[in-house]
Amino acid sequence: MTDAVDHDLKVKHTKDEASRQNFVAGMRGYVLNDLSGHMKTVWDRKVEPAFEKANGRAPSDGPEIHKTIKSETIFKFYSAMRCNTQEMVWRSVMPAVEREGRDLSRRAQVLSQAGDKAQGTVETNPNFEVPRYVSELDVHMMPGNYHEERIDYDVTQGAVFDNGLAVFSFGLLGDRMEDITDSVSTFYQAHYPDSKPKKILDLGCTLGHSTLPWKARYPDAEVHGVDVGGPCVRYAHARAQSYGVDAHFHQMDAEHTDFEDESFDIVYSCMFLHEVPLKNIKGVFKEAHRLLKPGGVMLHYELPPNTMTSPYDGFYLDWDSYYNKEPFYKAFRDADAKAEIEDAGFEKDSFFEHVAPSRNLYGHDALMEAAQQDGAKNDSRVGRFGDGVMWYFFGARK
Amino acid sequence: MPDDSANAESTPLRYSVKGKRMRFFDAQGVDELVAICMGMAQEMWVIKERQAALESVAAEKGVVLPDDIEGHAFSPDQRAALDAEKQGFIDRIFFTLREEAESLAAEPEEEPPAPSMP
């Protein structure tokens, strides 16, 4: 299951650990496909008809569905088992990372300094203050989050996230687990052929798996990633060097970077905004506006907004905000991104949104075909980790 | 927990999630029982996978050594068969969780009432 971690920071899991990971990945498939399907059947055939009979109308939104279904046994088991599989994801990979912790640190330093395959850079800041919205919780139940450090040149939390993500995504993220940004950047390049970015920034880059695909699309561009987690940016750089990709990583807060005004052509993020409180998202949009050159583009891969999803899908996607230690997720999905980008200085009319089929699941031709279309269509597969997932992204032009 | 946390190379990690634990069941202890059942299912799978490896190695060599099992890799076909078996394994253990959905989907007739409780 951790085969997707195929670079020089790979850790050796024992056979039994690999079996535990294999089980967790299978269990996630069962919970997210089978159990969630059973829950939907119980909703459609029992709970919703009873609600309509009692109220003379259908439930109006996700929270009303949540309130109605949460006493059902199927909801309780779906939820308890999702929480347990989530914790088991991280626990299944941590022993190997723990055993190799110091060696990983040394290997990361060698990779980052060697530069025999790539010439990227990494900078961390010993006085950096991790924002409270990151330091105060173990986001998506990952013990230690993105930032905790225990030893010199610590990369362990990067390794926990990388290996855990491989188990978590049970193959959905494709080679190097880069499918989301691979698909989104390929879609972007095909849909906006006139865009010739020279400098690209990835906010909240974690492992750099959302950063490197941009270098593949635009080989002449300078690509940067920022993250608040020191272990993440060190790991991201060593990973990039191992793959032979020039990329530059910085320990910075996406709201307050050290880059100059109007220095980037694309400011991107992937799976980032939903982990950020709305007031800080406003700050991120303002910072993106400051950093972009005139004509530059801000792009965010994200979960689809609640205005785009059916009430049931809204309930289903917002589950994580209540139970998976991702408390800011719902406010983000409820927000009006168009209004927010306008507040940040972008023209409201410059807003755009798209759905990119996963290149890993649907193939290159399906992605290219979708890239000829404008707008984003409602589809229950969008943003939903399970069979047939599709990727939603939105943005604005300065 | 790690097998060799005393190793000088190791960096002890925190395995528990900080903050409030999610609870879904009204009766005390049921959330913990779900976690224990899942842990048991996981460990049972570890045994099944190791046993499959053992059988495979034994068939190949006629002799079984611990290193043979640790270093053994299934062929892609064996892996696919095992993955399919794993989904059946999970489905059997958690069968009760699809019972209600299946029963509702079958649009059952009204059942004759059971005798009143004594």
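Residues numbered from 1 in each chain as written. Chains lettered and ligands numbered in written order. Predicted model: local features only at pLDDT ≥ 70, side-chain atom pairs only at ≥ 80, totals over all residues. Heavy atoms only, no water.

Notes on the overall build of chain B
- Regarding its fold elements, chain B presents four helices and zero strands.
- Its C-alpha radius of gyration of 22 Å places chain B more than 25% over the 13 Å reference for a compact globule of 118 residues.
- Seen through its C-alpha atoms, chain B measures out along the principal axes to roughly 65 × 45 × 30 Å.
- Across the 118 residues in chain B, those meeting the buried criterion constitute 30%.
- Put simply, 31% of the contacts in chain B that link residues at least 6 apart link residues at least 24 apart.
- Put simply, chain B shows about 8100 Å² of open surface, and 59% of that area lies on carbon and sulfur atoms. (Helix = DSSP H or I, 4+ residues; strand = E, 2+ residues; numbered from the N terminus. Rg over C-alpha atoms; globule rule 2.2 N^0.38 Å. Buried < 20%, exposed > 50% of the residue type's maximum accessible area, 1.4 Å probe, protein only. Contact = heavy atoms within 4.5 Å. Areas by Shrake-Rupley, 256 points an atom, 1.4 Å probe, with all protein chains shown as cover.)

Regarding the environment of A:V284
All names here are of chain A.
- Checked against the element boundaries, V284 lands in helix 10 (residues 278-291).
- A sequence separation of 156 residues divides V284 from F128, and the C-alpha atoms of the two residues are 18 Å apart.
- Aside from chain neighbours lying at most four places away, what touches V284 is L203, A254, E255, F272 and L273.

Digging into a nonpolar patch on the surface
- Judged by side-chain polarity, B:L33, B:I36 and B:M40 come together as a nonpolar surface patch covering roughly 310 Å² of accessible area.
- Along the chain, the position of B:I36 falls in helix 1 (residues 30-61). (Patch = residues over 30% accessible without salt bridge, like charges linked within 9 Å, V, L, I, M, F, W, Y side chains within 5 Å. Salt bridge = Lys/Arg side-chain N within 4 Å of Asp/Glu carboxyl O.)

Section: the state of the cysteines
Residues and elements named next belong to chain A.
- Following the criterion strictly, the structure yields zero disulfides over all chains and no others.
- Sulfur of C232: no disulfide; nearest cysteine sulfur belongs to C205 and is 7.5 Å away.
- Owing to a relative accessible area of 0%, C232 belongs among the buried residues under this scheme.
- Of all cysteine sulfurs, the one in C205 lies closest to C270, which takes part in no disulfide; the gap is 11 Å.
- Look at C270 and you get buried, because its relative accessible area is 10%. (Disulfide = S-S within 2.5 Å.)

As for the interface of chain B and chain A
- Taken residue by residue, the interface counts 52 residues in chain B and 59 residues in chain A.
- The junction of chain B with chain A conceals about 5000 Å² of combined surface from both sides, 59% of it contributed by carbon and sulfur atoms.
- The largest per-residue losses of area from chain B upon contact with chain A belong to B:Y15, B:F24 and B:L97, which jointly make up 14% of the total buried on that side.
- Taken together, chain B and chain A are joined by seven salt bridges.
- Measuring nitrogen to oxygen at the nearest pair gives 2.7 Å for the salt bridge that ties A:R20 to B:E43.
- Our count for the contact surface shared by chain B and chain A stands at 20 residue pairs in polar contact (both at pLDDT 80 or more). (Buried area = accessible area lost by both parts, 1.4 Å probe. Polar contact = N/O pair within 3.5 Å; in protein donor to acceptor, adjacent residues only side chain to side chain.)

Brief notes about the packing of helix 1 (residues 15-55) of chain A against helix 4 (residues 96-105) of chain B
- One way to put it is that helix 1 of chain A packs onto helix 4 of chain B with a least axis distance of 9 Å and a crossing angle of 40 degrees. Taken together, helix 1 of chain A and helix 4 of chain B sit at an angle that is classed as oblique. Here the hand of the crossing between helix 1 of chain A and helix 4 of chain B comes out left-handed. Here A:Y30, A:L35, A:H38, A:T41, A:V42, A:R45 and A:K46 of helix 1 of chain A lie close against helix 4 of chain B, whose contacting residues are B:L97, B:R98, B:E100, B:A101, B:L104 and B:A105.
- Class assignment of the residues belonging to the contact of helix 1 of chain A with helix 4 of chain B gives a composition of seven nonpolar, two polar and four charged. (Axes fitted to C-alpha atoms, helices over the stretch in contact; angles between N-to-C directions. Parallel < 35°, antiparallel > 145°, perpendicular 65-115°, else oblique. Left-handed = near helix turned anticlockwise from the far one by under 90°. Nonpolar A, V, L, I, M, F, W, Y, C, P; charged D, E, K, R; others polar.)

Regarding helix 4 (residues 101-114) of chain A
Residues and elements named next belong to chain A.
- With 14 residues, helix 4 should reach 20 Å at 1.5 Å per residue; the first-to-last C-alpha distance of 20 Å fits that figure.
- Within the sequence span of helix 4, burial applies to G101, L104, S105, A108, L111 and S112. With its buried residues spanning 130 degrees around the axis, helix 4 presents them on a single face. Of the exposed residues in helix 4, those oriented more than 90 degrees away from the buried face are V110 and Q113.
- In this structure, the buried residues of helix 4 make contact with helix 3 (73-99), strand 1 (121-123), helix 6 (156-168) and helix 9 (230-243).
- After helix 4 finishes, the residue G115 shows a positive phi value of roughly 65 degrees. (Expected span 1.5 Å × (residues − 1). Arc of directions from axis to C-beta.)

Notes on the sheet that holds strand 4 (residues 248-251) of chain A
Residues and elements named next belong to chain A.
- Sheet architecture is open: eight strands sit in the order 1-4-3-2-5-6-8-7, paired in mixed fashion. Bordering the open sheet on either side are strand 1 and strand 7 (352-357), each of which pairs with just one other strand. Between one strand and the next, the sheet's axes are offset by a mean angle of 20 degrees, whatever the strand orientation.
- Here strand 3 (residues 222-227) pairs with strand 4 via four bridges, running parallel. Directly across from V226, in strand 4, lies its bridge partner H250.
- Helix 9 rests against strand 1, strand 3 and strand 4 of the sheet, and its axis sits at about 170 degrees to strand 4.
- Along the sheet, helix 10 contacts strand 2 (199-203), strand 5 (264-270), strand 6 (292-302) and strand 8 (390-397); its crossing angle with strand 6, the most-contacted strand, is approximately 145 degrees. (Pairing = 2+ DSSP bridges.)

Quick word on the packing of helix 1 of chain A against helix 3 (residues 76-93) of chain B
- It is the contact of helix 1 of chain A with helix 3 of chain B, at a shortest axis distance of 10 Å, that shows an interaxial angle of 60 degrees. Put simply, helix 1 of chain A runs oblique to helix 3 of chain B. The two elements helix 1 of chain A and helix 3 of chain B cross, and the hand of that crossing is right-handed. Facing helix 1 of chain A, whose interface residues are A:N22, A:F23, A:G26, A:M27 and A:Y30, helix 3 of chain B presents B:R79, B:D83, B:K86, B:Q87, B:F89, B:I90 and B:D91.

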